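Geometric and topological summary
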4 protein chains.
Amino acid sequence: MITLDSKRLTVLKQEVFEANLALPKAGLVKLTWGNVSVIDRELGVIVIKPSGVAYDVMRAEDMVVTDLDGKTLMEDVLAPSSDLATHVILYREFPEIGAVVHTHSKWAVAWAQAKRDIPAYGTTHADAFYGQVPCTRELTATEITQDYEAETGNVIVETFKNRGLDPTAVPGVIVSSHGPFTWGKTAAKAVEHSLILDEVADMAFQSEQLEHDLTAIPSYLLDKHYYRKHGADAYYGQE
Amino acid sequence: MITLDSKRLTVLKQEVFEANLALPKAGLVKLTWGNVSVIDRELGVIVIKPSGVAYDVMRAEDMVVTDLDGKTLMEDVLAPSSDLATHVILYREFPEIGAVVHTHSKWAVAWAQAKRDIPAYGTTHADAFYGQVPCTRELTATEITQDYEAETGNVIVETFKNRGLDPTAVPGVIVSSHGPFTWGKTAAKAVEHSLILDEVADMAFQSEQLEHDLTAIPSYLLDKHYYRKHGADAYYGQE
Amino acid sequence: MITLDSKRLTVLKQEVFEANLALPKAGLVKLTWGNVSVIDRELGVIVIKPSGVAYDVMRAEDMVVTDLDGKTLMEDVLAPSSDLATHVILYREFPEIGAVVHTHSKWAVAWAQAKRDIPAYGTTHADAFYGQVPCTRELTATEITQDYEAETGNVIVETFKNRGLDPTAVPGVIVSSHGPFTWGKTAAKAVEHSLILDEVADMAFQSEQLEHDLTAIPSYLLDKHYYRKHGADAYYGQE
Amino acid sequence: MITLDSKRLTVLKQEVFEANLALPKAGLVKLTWGNVSVIDRELGVIVIKPSGVAYDVMRAEDMVVTDLDGKTLMEDVLAPSSDLATHVILYREFPEIGAVVHTHSKWAVAWAQAKRDIPAYGTTHADAFYGQVPCTRELTATEITQDYEAETGNVIVETFKNRGLDPTAVPGVIVSSHGPFTWGKTAAKAVEHSLILDEVADMAFQSEQLEHDLTAIPSYLLDKHYYRKHGADAYYGQE
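Treat the numbers as computed from the prediction; the structure is a model and nothing was measured.

**With respect to the interface of chain D and chain A**
Put simply, an interface is often sized by how much accessible area is lost when its parts join up. Residue-level contacts link 33 residues of chain D with 31 residues of chain A. If you sort the residues of chain D by the area they bury against chain A, D:W33, D:K106 and D:Q113 come out on top, with a joint share of 22%. Taken together, the links from chain D to chain A amount to four salt bridges. A salt bridge links A:R228 to D:E149; its shortest N-O distance comes to 2.7 Å. Summed over the shared surface of chain D and chain A, the number is 16 residue pairs in polar contact (both at pLDDT 80 or more). Elements with a minimum of two residues in the side of chain D that touches chain A: α3 (106-114), α5 (141-162) and α6 (187-210) of chain D. For the side of chain D that touches chain A, the element with the most residues is α3(D), which contributes seven residues.

Below, the structure written as structure tokens:
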């Protein structure tokens, strides 16, 4: 066991705790179907929700602290979220991200179960995701049997690599037959991306019911909305 | 009338009362369209919601106590839920269960009215139900006319027997043209299964709208998620 | 102006006021899109919501009192709901009813706009409506132009007469291209029917999406559920 | 900088502030996806929400005051909503309107993404919108790249001109691939139109799922409902 700055850990635990509570409040999580973690790369720790603990009894101090390989760093603690290994892979392969969120939010799951990418059909989508939200390929029997949660992380990374996607421009994914993972600089941002992902999944669903041969918005509209909010020339929001 | 341990009964009534209140709170029940019961096999009693009493005036002491055949055990009590006979059959034929819940929750009813099993399209489903949630065959005119509520129990049991299903691995069913019944070790677990059943019914519905030729998830993914949460090698949640 | 028993009127106004407030609370009414009235046939009065008054400023004393032809009975009062003439016709032609509710609740309106009856696809429906909820024919240009609100009442009555329906067994209707009217012995019952109508409209909609060639439930199941709750041999609820 | 009547400005800011808060409360806006402005043509000012400020920390004094060209009139203020230029065009071209609202409400966006007008399928629609709610053509690459927000205003105006629509009779529009703009005499009325637009977009969607070959209501029903609430012979509501 290593010595850790307890003040910094307290702040991280509070951040993770509040972000976890924000999920059921936003209607994105029922029962215990979600988890949020943050990484402090300088301190070398990941802080994540404990596994299967009801939101109304969970406390900030219950958040679990691990090293960057997901090994628990304190004694007498609760077991971490069973999806921890997925978070660990995402932090290792996406060095720009500071937090990861996983939910079973209804509309994102609907697309995941249909094994389809979520097309960018409008500006609500383009404001947050630079292009379609990808759906991973299905995991193989071997991947599922041998190291399921880590392989879930691997297939996300593979999806981004094979398609040449930048995880800061497309801050989320849906895992085939499973559900969404999102990320961001902070836990609050990762939660926000989770909310937006479910909302655009809903809107895209409804639009397809209205018009069966819908195509994605043109690149110049995607560019306009994405870069209005992101990057050096952004002019949405306050300085 | 037999002598009963009044303290144990009080605890049972409180459990049933709270579980009944949890249903409208979770959006699973409108008006008085639901009922929860528990069985205490040692004590030889079933405790169930009274029939047609509004949730906001119902008290724990109003819960009705019957023997294992559904005969009321106390004088001057309210009439038990009209679905009691269904609960009695389920307790008799499924000896592992400790509580039963019936609702008319929207999405489960939609599948029941469509007379279709709910396929396991994803991990949300697999976490709680080991395979599709079966829909019973339709009751015959004779069954409906002669002993409707008991025959509803019988057709559920028949469905599980004919398909070789284990009621602890598939803790729920939808009755054709009617709605869902779920069960569990405790009233809280049975309510939780009711919530999950409606949620996966919703997700499965939406997924089919997105992809018309969808097939159930492969058995290895079903196994992985089900056994991650259930059985000797489960590793979800705390010890 | 006639002399009226002011105590009885106060009770009636309170009943109408509370029933009107129950509609937005149940999610059945947005803005001012609904109205409830009651009739006291002995007293010879109808009491109805004023037209276009926001629910959060409306008071019990604002309810408008009219005679059985819909003529306002007091001075200096608010204008009655613009749908009053429809209520008047329903009270005249359906002597068993004591209250009428009109809303633009979403799912009932969806069927009304589709100009389709709502089929009885399950027991939730059969518990309250003895058979399909009828959709009226469209009003003619002349009916709409000359005496719109009264003709809306007339077309409802025509629908029940032509189809041989009993308004106590089918306590509601949807008016083509418009929305639902329901009724009952009391304002609370009429509101309850409004809630059930929207709920079964929702369930029927979803069931058809799941199974395109769905047929109504057989008459013996309809009978069983309807008569379990209604009539001399009812055994649902308390004595 | 010009001298302004600070009392009148305070009233305007309060009106804009309250109307902005009404949007998330009505479920029409998530995160910061909406904005309301009002114009005082006598005073020569537009008052609009600041860009990207969270609703729970926003104060009435944060509302931004501009001239009729959208130029900020005070020092040290927050940046105005990035959609300000659209509002400016609408105020210039539609001289009867006093307030503008923009949201990304789910059902209106679904139609906008499907690039379809919302047909008038029933009386709920006809009560507020005199005919279908138009969807603009798509903006060209040049329009999007060069002056996006102003061109959004221009394409709305073009749509009304080309189709001969009166913006006081059709107080809203959906912008192709984007979402709804509504307007009214006051901020409260513009918000109300925003709520109605989303509700009728929802109802029209569901009606089409029930009946695939639906046509708009006849002109005499449209006339009846629209003129029952609007114009010299209106008889809905109080004097």
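**Examining the interface of chain A and chain B**
Counting residues at the interface gives 33 residues for chain A, matched by 31 residues for chain B. Three residues stand out in chain A for area buried against chain B, namely A:W33, A:K106 and A:Q113, and they jointly supply 22% of the buried area on that side. For the pair chain A and chain B, the number of links is four salt bridges. Two residues, B:R228 and A:D83, come together in a salt bridge whose shortest N-O distance is 3.4 Å. Seen at the junction of chain A and chain B, the total is 16 residue pairs in polar contact (both at pLDDT 80 or more). Mapped onto the side of chain A that touches chain B, the elements with two or more residues apiece are α3 (106-114), α5 (141-163) and α6 (187-210) of chain A.

**Topic: the sheet that holds strand β3 (residues 64-66) of chain D**
Residue and element names in this part refer to chain D. Overall, antiparallel pairing links the six strands, which are arranged β3-β2-β1-β4-β6-β5 in an open sheet. Either end of the sheet is taken by a strand with one partner, and the two such strands are β3 and β5 (172-175). Each strand axis lies, on average, 20° off the axis of its neighbour in the sheet, ignoring direction. Here strand β1 (residues 34-40) pairs with strand β4 (residues 99-103) via five bridges, running antiparallel. Note that in β4 the partner of V36 across the bridge is V101.

**Description of the relation of the copies chain A and chain B**
Relating one copy of the chain to the other requires a rotation about an axis plus a shift along that axis. In screw terms, the move from chain A to chain B is a rotation of 90° and a rise of 0.0 Å along the axis, fitting with an RMSD of 0.0 Å. In the structure described here, the two chain copies are related by an operation that fits a four-fold rotation axis. For chain A, the residue whose C-alpha comes nearest the rotation axis is A:Q209, separated from it by 5.8 Å.

**Some thoughts on the sheet that holds strand β2 (residues 45-48) of chain C**
Residues and elements named next belong to chain C. The strand order across the open sheet built from six strands is β3-β2-β1-β4-β6-β5, with neighbouring strands paired in antiparallel fashion. Whereas interior strands pair on both sides, the edge strands pair on one side only; in this sheet they are β3 (64-66) and β5 (172-175). In this sheet, neighbouring strand axes are inclined to one another by 20° on average, regardless of whether the strands run parallel or antiparallel. Inspection of the sheet shows β2 paired to β3 by three bridges, in the antiparallel sense. By the bridge assignment for β3, I46 is matched with T66. Contacts from helix α2 (residues 84-93) reach β1 (34-40), β2, β3, β4 (99-103) and β6 (179-184), with the element oriented near 40° to β1.

**Some remarks on the side chain of D:T103**
Topologically, D:T103 is positioned in strand β4. D:T103 has contacts with D:L23, D:L28, D:V29, D:W33, D:G34, D:G179, D:P180 and D:S194, leaving out every residue within four places of it along the chain.

**A look at the environment of A:I196**
When you line up the elements, A:I196 lands in helix α6. Its relative accessible area of 5% is what places A:I196 among the buried residues. For the pair A:I196 and A:T32, spaced 164 residues apart in sequence, the C-alpha separation works out to 20 Å. Ignoring anything within four residues of it in the chain, the contact list for A:I196 reads A:T124, A:A128, A:F129, D:L31 and D:W33.

**Describing the pattern of salt bridges**
As enumerated under the stated definition, the model contains 64 salt bridges over all chains in all. The network of salt bridges with common partners includes A:R8, A:D40 and A:E42.

**What to know about the relation of the copies chain D and chain A**
By a simple turn and slide, chain D fits onto chain A: the slide is 0.0 Å along the axis, the RMSD is 0.0 Å, and the turn is 90°. Interface overlap between copies: only 6% of the residues of chain D at the interface are likewise at the interface in chain A, consistent with a contact formed by different surfaces.

**Concerning the pairing of strand β5 (residues 172-175) of chain B**
The side chains of a regular strand alternate between the sheet's two faces. Residue and element names in this part refer to chain B. Residue alternation in β5 divides its side chains into two sets, G172 and I174 and V173 and V175, and both sets are buried. Relative to strand β6 (residues 179-184), β5 runs antiparallel, the two being bridged by four bridges. Of the residues in β6, the one forming a bridge with V173 is F181.

**A few points about α5(D)**
For α5(D), with 22 residues, the first-to-last C-alpha span of 21 Å runs short of the 32 Å given by 1.5 Å per residue. Helix geometry: α5(D) is bent most strongly at D:D147, by close to 125°. If you check which residues of α5(D) are buried, you get D:E143, D:I144, D:Y148, D:E149, D:A150, D:T152, D:G153, D:V155, D:I156, D:V157, D:T159 and D:F160. As for α5(D), its buried residues are in contact with α4 (123-126) and α7 (219-229) of chain A together with α2 (84-93), β5 and β6 (179-184) of chain D. Remark: D:G164 follows α5(D) within two positions and exhibits a positive phi of approximately 65°.

**Section: the packing of α5(A) against helix α7 (residues 219-229) of chain B**
Two elements in contact, α5(A) and α7(B), have axes separated by 9 Å at closest approach and are oriented at 20°. Relative to α7(B), the element α5(A) lies roughly parallel. Classified by chirality, the crossing of α7(B) by α5(A) is right-handed. Contacts from A:A141, A:I144, A:Y148 and A:E149 of α5(A) reach α7(B) at B:Y220, B:L221, B:K224, B:H225 and B:R228. In terms of residue class, the contact of α5(A) with α7(B) is made up of five nonpolar, one polar and three charged.

**Notes on the environment of C:G237**
Tracing the sequence through the fold places C:G237 in the segment after α7 (219-229). Placed 147 residues apart in sequence, C:G237 and C:L90 show a C-alpha to C-alpha distance of 29 Å.

**Some thoughts on the pairing of β4(D)**
Residues and elements named next belong to chain D. Counting buried positions along β4 gives five out of five residues, so the element sits mostly inside the fold. Here β4 shows a buried face lined by A99, V101 and T103 and a second buried face lined by V100 and H102. Here β4 runs beside β6; their pairing, made up of four bridges, is antiparallel. Its bridge partner being in β6, A99 is matched across the sheet by G184.

**Description of the packing of aromatic side chains**
Tallying each qualifying case throughout the model produces 28 aromatic pairs over all chains. Between the aromatic rings of D:Y226 and D:Y227, the centroid separation amounts to 5.4 Å while the plane-to-plane angle is 85°, which identifies the pairing as edge-to-face. Taking the relative accessible area as the measure of exposure, D:Y226 reaches 6% and is therefore buried. Through pairs of rings, three or more aromatic residues link up here, namely A:F94, A:F160 and A:W183. Here the guanidinium or amino end of B:K229 rests over the ring plane of B:Y236, the centre of that ring lying 4.2 Å away.

What counts and how
- Residues numbered from 1 in each chain as written.
- Chains lettered and ligands numbered in written order.
- Predicted model: local features only at pLDDT ≥ 70, side-chain atom pairs only at ≥ 80, totals over all residues.
- Heavy atoms only, no water.
- Contact = heavy atoms within 4.5 Å.
- Buried area = accessible area lost by both parts, 1.4 Å probe.
- Salt bridge = Lys/Arg side-chain N within 4 Å of Asp/Glu carboxyl O.
- Polar contact = N/O pair within 3.5 Å; in protein donor to acceptor, adjacent residues only side chain to side chain.
- Helix = DSSP H or I, 4+ residues; strand = E, 2+ residues; numbered from the N terminus.
- Pairing = 2+ DSSP bridges.
- Axes fitted to C-alpha atoms, helices over the stretch in contact; angles between N-to-C directions.
- Least-squares fit on C-alpha atoms with pLDDT ≥ 70 in both.
- Buried < 20%, exposed > 50% of the residue type's maximum accessible area, 1.4 Å probe, protein only.
- Expected span 1.5 Å × (residues − 1).
- Bend = angle between axes of the 7 residues up to and from the residue.
- Parallel < 35°, antiparallel > 145°, perpendicular 65-115°, else oblique.
- Left-handed = near helix turned anticlockwise from the far one by under 90°.
- Nonpolar A, V, L, I, M, F, W, Y, C, P; charged D, E, K, R; others polar.
- Phe/Tyr/Trp six-rings, centres within 6.5 Å; stacked < 30°, edge-to-face > 60°.
- Lys NZ or Arg CZ within 6 Å of the ring centre and 35° of its normal.

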